[in-house]
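Report on the structure
Residues per chain are reported as follows:
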Amino acid sequence: IILFMAYTSLYRKYRPDTFDKVIGQDHIVRTLRNQIAHNNVGHAYIFTGTRGTGKTSVAKIFARAVNCLSPLADGSPCGKCENCVELASNSNFDILEIDAASNNSVDQIRELTDKIGFPPTVGKYKVYIVDEVHMLSKAAFNALLKTLEEPPSHAIFILATTEIHQIPATILSRCLRFDFRLVPNGVIAKRIRDIFDDINVKYESEAVDLIASAGAGSVRDALSVADMCVSYCDSNVTYNGVLEVLGAADPKKLQSLAAAIADGDTDKALQEVANLCDLGKSVPILAQDLATLFRNVLYIKNCSSAKSLLALPEAIYSSLAEMAKKYSTEKCMSIMKIFSSLEGEFRYSAQHRILFEAAVVLAASGGDRDVKVEELQMRVARLEKMLANARKSDFESAPVVTDARQVWLRVASELRQDGYTLLALSTQDAQFAMTDDEYHVKVADAATLNLLDDKKNRDAINKAFKSVDSHRKLVIETERHLDEDKALPFVKEMFGSLLEIK
């Protein structure tokens, strides 16, 4: 007969049972310890923070600590006294853990509050730990409210939630609030190393750092990844093994794709995407990895402590450092934003690869767009210079000019001096012509037409024109429709894929 022992996951096996084992929440642990030491325990607490940061674990430690007959020096439960032994039993009813996600009706909360008057059977306090409390219905919250306001002296409520904004203000005002922070990667990595040492698992230091980073501040998530890595790597956790478990791309291939995008080589970038997808890599993870890569490049380029903060393998760090020297902060920032924004789009589409490839093309063409922006900035600078020179000239003593556009540049300068800068710039693309007696301005775009519909703007133009050319009559001609050949490309560029032309 072969007996199989049930496996206990790492996050359950190494769940903290004393305050000194809680990591990353020193501000909360210290406060609770002091309350226990000074016998200043509150009747209602609310623990809030992201998943896996220790809310329920701390609640359980606190519940046993306030009932312990001989607590440790740091306020933790001793685990050995009569009360601790009884409270650790599954038959104990003095520490009640309630899942509000499945017990959220008003009748269930009323049943709880009706029984709260019964004193504890073992310790000094009866502690109610309500997990995911934001899932309670409005009526259930109202039923709980009166009990929180005037609880019996032997009752303590600990409400835990990841969605603090969904808790009614009337509940919040009756609780002591503790905010659980995301745990730093370095702290999580140290915890994982201690656990691996305890269970005799070999590991690469870079692999542990990668596992900690995958947890994104959640100790439970990181330990779940560590659990999978131990099984996958057969108790010898390597960096490449962790990459395989996470479904992440080979760093060299990912950097090759990133370089092609940053260089504007769309052809190579799409080939790299095809190769990675053919290997079965998850497209959302690819997008996330690219965003992280360019974020790391930005760190290296702009932070003197990047090497210690990122904790990357030396070979990978060196490659990213070369990219940091080659590409500008603006380019890396632009590409990072493109790929980080895909996360929201992936949620509402089944065409992940198409979205990703479109983002790759967009990011790779960013170099050309940067050049166009620079060209536009240069053109604006030249126009500003021309208008500035026109302002310096003495219009009254200046000789009559025969170039119609030059006349309008002087008019635009007058408009700017009178505070009509937008009006001056909006007419710069109009068509100009003049005869001995008349000066014609032909405007076709809708934005300028809207401005000219305002009588105040028309009066300003007439005034500015008379100061420049007093002997000609100003004639403004308008077309009440847009030139489609010119308008459509502009509208398409403005709205992109959001616009459907019929």
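1. Regarding the overall build of the protein
- Assigned secondary structure in the protein consists of 25 helices and 10 strands.
- Across the 502 residues of the protein, 41% fall into the buried class.
- Of the contacts formed within the protein by residues at least 6 apart in sequence, a portion of 71% connects residues at least 24 apart.
- Surface accessibility of the protein: about 28,400 Å² in total, with carbon and sulfur atoms responsible for 51%.

2. Describing the packing of aromatic side chains
- Counting across every chain of the model gives 12 aromatic pairs.
- With 5.7 Å between their ring centres and 90 degrees between their planes, Phe 47 and Phe 178 make a pair best called edge-to-face. You can see Phe 47 sitting in strand 1 (residues 44-48) and its partner Phe 178 sitting in strand 5 (residues 176-179), a full 131 residues away along the chain. Residues Phe 47 and Phe 178 agree in their burial class; the two are buried.
- Taking the centre distance of 6.0 Å and the plane angle of 10 degrees together, the rings of Trp 408 and Tyr 439 count as stacked. Residue Trp 408 is located in helix 21 (residues 404-417), and its partner Tyr 439 is located in strand 9 (residues 438-443); the two are separated by 31 residues in the primary sequence. Summarising the burial analysis for this pair, Trp 408 and Tyr 439 share the class buried.
- Taken together, the ring pairs connect Tyr 45, Phe 47, Phe 62, Phe 178 and Phe 180 into an aromatic cluster.

3. Considering the nonpolar core
- With 67 residues, the main nonpolar core has Phe 196, Phe 294, Phe 339 and Phe 356 as its most contacted residues.
- With 10 residues, the top contributor of residues to this core is helix 14 (residues 283-302).
- If you look at the next biggest cluster of nonpolar residues, it comprises 25 residues, including Val 106, Ile 109, Val 133 and Phe 157.

4. What to know about unusual backbone geometry
- With a phi close to 50 degrees, Ala 216 is a non-glycine residue in the positive phi region.
- With respect to the secondary-structure elements, Ala 216 resides in the loop between helix 9 (205-214) and helix 10 (219-232).
- The exposure class of Ala 216 is exposed, given its relative accessible area of 54%.
- Even without being a glycine, Ser 235 presents a positive backbone phi close to 65 degrees.
- Tracing the sequence through the fold places Ser 235 in the loop between helix 10 and strand 7 (236-237).
- For Ser 235, a relative accessible area of 33% corresponds to the partly exposed category.

5. Some remarks on the sheet that holds strand 5
- Sheet architecture is open: 5 strands sit in the order 2-3-4-1-5, paired in parallel fashion. Edge positions in the sheet fall to strand 2 (95-99) and strand 5, since each of these pairs with one other strand and no more. Taking each pair of neighbouring strands and ignoring which way they run, the sheet shows an average axis angle of 15 degrees.
- Inspection of the sheet shows strand 3 (residues 126-131) paired to strand 4 (residues 155-161) by 5 bridges, in the parallel sense. The partner of Lys 126 across the bridge, within strand 4, is Ala 155.
- The strands that helix 2 (residues 26-37) touches are strand 1 and strand 5; relative to strand 5, the one it contacts most, it runs at about 145 degrees.
- Of the strands in this sheet, strand 1 and strand 4 are in contact with helix 6 (residues 138-149), which crosses strand 4 at around 135 degrees.

6. Remarks on the environment of Gln 351
- Residue placement: Gln 351 occurs in the loop between helix 18 (342-347) and helix 19 (352-364).
- For the pair Gln 351 and Val 283, spaced 68 residues apart in the sequence, the C-alpha separation amounts to 9.9 Å.

7. Observations regarding the environment of Glu 477
- Here Glu 477 is to be found in strand 10 (residues 473-478).
- Between the C-alpha atom of Glu 477 and that of Ala 430, which follows or precedes it by 47 residues, the distance is 9.9 Å.
- Setting aside its immediate chain neighbours within four residues, Glu 477 contacts His 440, Val 441, Lys 442 and Val 443.

8. Focus on the packing of helix 8 (residues 185-198) against helix 10
- Where helix 8 contacts helix 10, the two axes come as close as 11 Å, and the packing angle between them is 40 degrees. Judged by the inter-axis angle, helix 8 sits oblique to helix 10. Both helix 8 and helix 10 take part in a crossing whose hand is right-handed. Contacts from Ile 188, Ile 192, Ile 195 and Phe 196 of helix 8 reach helix 10 at Val 219, Ala 222, Leu 223, Ala 226 and Val 230.
- Of the residues in the contact of helix 8 with helix 10, the class split is 9 nonpolar, no polar and no charged.

9. Some points on the pairing of strand 1
- For strand 1, the tally of buried residues reaches 5 of 5 residues, placing the bulk of the element in the interior.
- Here strand 1 shows a buried face lined by Ala 44, Ile 46 and Thr 48 and a second buried face lined by Tyr 45 and Phe 47.
- Inspection of the sheet shows strand 1 paired to strand 4 by 5 bridges, in the parallel sense. Counterpart to Tyr 45 in the pairing with strand 4 is Ile 158.

10. A short note on the sheet that holds strand 10
- Read across the sheet, 3 strands follow the order 8-9-10 without closing on themselves; strand pairing throughout is mixed. Pairing within the sheet leaves two strands with one partner each, and these edge strands are strand 8 (431-434) and strand 10. Adjacent strand axes in the sheet meet at a mean angle of 20 degrees when their direction is disregarded.
- Two elements, strand 9 and strand 10, share 6 bridges in a ladder whose sense is parallel. If you follow Tyr 439 over to strand 10, its bridge partner there is Leu 474.
- Across the sheet, helix 21 lies against strand 8, strand 9 and strand 10, angled at about 110 degrees from strand 8, the strand it touches most.
- Strands in contact with helix 24 (residues 455-468) are strand 9 and strand 10; relative to strand 10, the strand with the most contacts, it is inclined by about 140 degrees.

11. Here we look at the side chain of Thr 56
- Topologically, Thr 56 is positioned in helix 3 (residues 55-65).
- If we skip the residues at most four places from it in the chain, Thr 56 touches Arg 15, Glu 97 and Asp 131.

12. Digging into the confidence of the model for the protein
- With 86% of its residues at a pLDDT of 70 or more, the protein has an overall mean of 82.
- Within the model, pLDDT remains below 50 along residues 481-487, and this stretch shows 6 contacts once partners closer than five positions in the same chain are excluded.
- Counting interchain partners and residues more than four positions distant, the pLDDT-below-50 stretch residues 498-502 has 4 contacts.

Basis of the calculations
- Residues numbered from 1 in each chain as written.
- Predicted model: local features only at pLDDT ≥ 70, side-chain atom pairs only at ≥ 80, totals over all residues.
- Heavy atoms only, no water.
- Helix = DSSP H or I, 4+ residues; strand = E, 2+ residues; numbered from the N terminus.
- Buried < 20%, exposed > 50% of the residue type's maximum accessible area, 1.4 Å probe, protein only.
- Contact = heavy atoms within 4.5 Å.
- Areas by Shrake-Rupley, 256 points an atom, 1.4 Å probe, with all protein chains shown as cover.
- Phe/Tyr/Trp six-rings, centres within 6.5 Å; stacked < 30°, edge-to-face > 60°.
- Core = buried A, V, L, I, M, F, W, Y, C linked by side-chain atoms within 4.5 Å.
- Pairing = 2+ DSSP bridges.
- Axes fitted to C-alpha atoms, helices over the stretch in contact; angles between N-to-C directions.
- Parallel < 35°, antiparallel > 145°, perpendicular 65-115°, else oblique.
- Left-handed = near helix turned anticlockwise from the far one by under 90°.
- Nonpolar A, V, L, I, M, F, W, Y, C, P; charged D, E, K, R; others polar.
- pLDDT = per-residue confidence, 0-100.

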